[in-house]
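So the chains spell out like this:
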Amino acid sequence: MIALRIGLAALFLMVAVTVQTSVLTNIAVAGVTCDLTLIVVIALALSRGPEWGAIAGFVGGLLLDVVPPADHTAGRWALALAIAGYVAGLIRRETSSGPVGPLGVALTVVLGTAVSFFIYSATGSLLHDPSVDWGEFGVRLGIAAGYDVVGAIVVIPLVMWIMGRVQPARERRVAP
Amino acid sequence: MLKDLGTPARSAIRSAGAPLRATGMPRQIRRRRTVLVLVILACFTLIVLDARRSAGSPVEPLREAAAGVFGPLESTASSARQPVDNLRDRFAEMDRLKAENEKLKQDNENLTQELNTSDYARNRAQELDKLLKVAPAYTMTPARVIGIGGAQTFSHTVTIDAGTADGVHTDMTVMNGTGLVGRVVRTTAGTATVLLIGDRNSTVGGRLNSSMALGFVSGRGDVAGTLDYKLVDPKARPKVGDRIVTWGSSGNAPYVPGVPIGVVTSVTPNEGSLGSTATIKPYVDPTRIDTVGVVTGPPARPPRAPLPGKGN
């Protein structure tokens, strides 16, 4: 069961990275694409908890760091998504033992976008990457957060439903 | 540092049994923190290893492997782009207009291409006293864009579906029907990463078509791909509407000469120093590049046929 879950999570992340780099960029809003990988990481964190969030974030971010169009220092998205995934996992554990409501999910996605984008930009600044432009940060964050919530409406219920199906019966949550 | 990260929380698994609760909680939190710390350490290790690029990064093999796996995946996913594109087009324009628009665009592209290069070709021909026989015809390898970086990454890079197997190597010029796209910065067997001219890390040598003055075109990093242009000669003044072409690098790498870059849209004098900076609108819209050509072949040098002299 655990192998199946890990395999599914890896499959989700790979599909998310592929779609994000090649398909979603064609429907970008002012150049900003939907962070599908981040959304999948948040979905995994919300269904499995902070450890899963952190590890899924690390793997998904690492893929974003090394899959072709990327030309920045590897590890930046990995760090950003790992922390975003961890925080998302904590939110799920702390609010209630039941599933997080739609508003909670939307807020988690906005928070995750803000945390990951900030960490990515900050590490870029620390490494003296000339392409990081803090003047554009606010605008791009706003667009990205809005776009991610739209993407999350479709993706998060799907991922959480599938992850819920492969959960062993003894772990299955009873709705409050 | 980690004190506030793992606040005690209820978990459905653990709260099921009361005896487990007393011992299980802290252990779970400790494990959670350990995972976080390990992951963060792994990230920092990666960043440190990859940051010293001069020494050859150990992450390179990982990039190669990722490109090997994801290149074909992106290529396949790009084929699914057609319906997405169609959907977008449907919102923007009616089907009836599409065919006509396509034809006009094609005509326009051809005419613009002619206009952009004829000035330069004429000027250069006069300047070099017709030493240059013809505009150099390069060997091009066509490629499709299969991956684009989002604005969140701040870098303007795209993946194309041609790699070393097709003769594409780093520091090759990439252009399309309207002008200069960028240069190749990374290659694997089947894919290559192209740094667009709009990236902040990109600088291209540019020549003013009208006066042949030399300067440097650097990216500004915004979404439209606007460029800055600084002339080498502080007294030379670019004018609005001037066109800029590449002046080429030695050995034709990374840029071949004579490729149109863009047109001057505004000129502002530099504050506190001589000279002026011009804003360039590139001919290539960085959000709409699809089919590009990589200059892979000769002439390695511009053709210089000896002139048949009458006097000597």
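Sequence positions are assigned chain by chain, starting from 1 and proceeding in written order. Here the convention is simple: chains get letters from A, ligands get numbers from 1, in the order in which they are written. Predicted model: local features are reported for residues with pLDDT of at least 70 only, side-chain atom pairs are reported and counted for 80 or more only, and whole-chain, interface and lining totals are derived from all residues.

Chain B is annotated in an unreviewed UniProt entry as Cell shape-determining protein MreC from Kribbella rubisoli. According to UniProt, the comment filed for chain B under the heading Sequence similarities (unreviewed entry) is "Belongs to the MreC family." UniProt positions are given in the numbering used here, feature names are shortened, and annotations may be inferred rather than shown by experiment.

Looking at an unreviewed UniProt entry, one finds chain A named Rod shape-determining protein MreD and attributed to Kribbella rubisoli. Listed under Subcellular location (unreviewed entry) in UniProt, the entry text for chain A is "Cell membrane". On record in UniProt, under Sequence similarities (unreviewed entry), the comment for chain A is "Belongs to the MreD family."

**Focus on the overall build of chain A**
Segments assigned H or I by DSSP are reported as helices when at least four residues long, segments assigned E as strands when at least two residues long, and all are numbered from the N terminus. Secondary structure summary: chain A contains 6 helices and 0 strands in total. Counting from the amino terminus, chain A carries its helices and strands in the arrangement α-α-α-α-α-α. Counting all 176 residues of chain A, 56% fall into the buried class. Pairs at least 24 residues apart make up 75% of the contacts formed inside chain A by residues separated by at least 6 positions. Three classes are used. A residue is buried when 20 or more other C-beta atoms lie within 10 Å of its own, exposed when 12 or fewer do, and partly exposed in between, with C-beta atoms placed from the backbone. Residues are treated as contacting if the C-beta atoms built from their backbones sit within 7 Å of each other.

**Overview of the overall build of chain B**
For chain B, the helix and strand inventory stands at 4 helices and 12 strands. Here chain B holds 312 residues, and 34% of them are scored as buried. Nonlocal contacts in chain B, meaning residues at least 24 apart in sequence, comprise 57% of its contacts between residues at least 6 apart.

**A word on the UniProt feature "transmembrane region" (unreviewed entry) in chain A**
Mapped onto this structure's residue numbering, the UniProt feature "transmembrane region" (unreviewed entry) falls at residues 74-91, 103-123 and 143-163 of chain A. This span, residues 103-123 of chain A, is 100% helix and 0% strand, and a straight line between its end C-alpha atoms measures 30 Å.

**Some thoughts on the sheet that holds strand E7 (residues 214-219) of chain B**
All names here are of chain B. Strands are treated as partners if at least two bridges between them are detected by DSSP. Strand order around the closed barrel formed by 6 strands is E6-E7-E8-E11-E10-E9, with antiparallel pairing between neighbours. Each neighbouring strand pair of the sheet contributes to a mean axis angle of 40 degrees, computed without reference to strand direction. Looking at chain direction, strand E8 (residues 227-231) and strand E11 (residues 276-282) are connected through 4 bridges and run antiparallel. In the sheet register, Lys-230 faces E11, and the bridge partner there is Thr-277. Whenever a helix is involved, its axis is fitted only over the stretch in contact; in every case the axis is a line through C-alpha atoms, and angles between N-to-C directions fall within 0 to 180 degrees.

**With respect to the interface of chain A and chain B**
Contacts between the two partners involve 51 residues from chain A, matched on the other side by 59 residues from chain B. For the side of chain A that touches chain B, the elements supplying multiple residues, two or more each, are helix H1 (2-22), helix H3 (50-66), helix H4 (76-95), helix H5 (102-126) and helix H6 (134-165) of chain A. Each residue receives one of three labels: charged for Asp, Glu, Lys and Arg, nonpolar for Ala, Val, Leu, Ile, Met, Phe, Trp, Tyr, Cys and Pro, and polar for the others, Gly being one of them. Tallied by class, residues from the side of chain A that touches chain B come to 27 nonpolar, 14 polar and 10 charged.

**Notes on the environment of Gln20(A)**
All names here are of chain A. Relative to the helices and strands, Gln-20 resides in helix H1. Residue classification places Gln-20 among the buried residues on the basis of 27 C-beta atoms within 10 Å. Measuring from C-alpha to C-alpha, the distance between Gln-20 and Met-160 comes to 19 Å, with 140 residues separating the pair along the chain. Contact partners of Gln-20, with chain neighbours within four places excluded, come to Thr-33, Leu-36 and Thr-37.

**Let's talk about the environment of Val29(A)**
All names here are of chain A. Looking at where Val-29 falls in the secondary structure, it is placed in the loop between H1 and helix H2 (36-48). Between the C-alpha atom of Val-29 and that of Arg-140, which follows or precedes it by 111 residues, the distance is 9.6 Å. Excluding residues within four positions of it along the chain, Val-29 makes contact with Ile-143 and Tyr-147.

**Some remarks on the packing of H2(A) against H6(A)**
Residues and elements named next belong to chain A. Running from N to C, H2 and H6 point in directions that differ by 40 degrees, and their axes come no closer than 9 Å. Considering their axes alone, H2 and H6 lie oblique with respect to each other. For the crossing formed where H2 meets H6, the hand is right-handed. Side by side, H2 and H6 meet where Leu-36, Leu-38, Ile-39, Val-40, Ile-42, Ala-43, Leu-44, Leu-46, Ser-47 and Arg-48 of the first sit next to Asp-148, Gly-151, Ala-152, Val-155, Ile-156, Val-159, Met-160, Met-163 and Gly-164 of the second. Just so you know how the angles are binned, under 35 degrees is roughly parallel, over 145 roughly antiparallel, 65 to 115 roughly perpendicular, and the rest oblique. In this scheme, a crossing is called left-handed if the near helix is turned counterclockwise away from the far one by less than a right angle; it is called right-handed if the turn is clockwise.

**Points about the UniProt feature "transmembrane region" (unreviewed entry) in chain B**
Following the UniProt record, one finds the feature "transmembrane region" (unreviewed entry) at residues 34-51 of chain B. In residues 34-51 of chain B, helix accounts for 100% and strand for 0%; the two terminal C-alpha atoms are 25 Å from one another.

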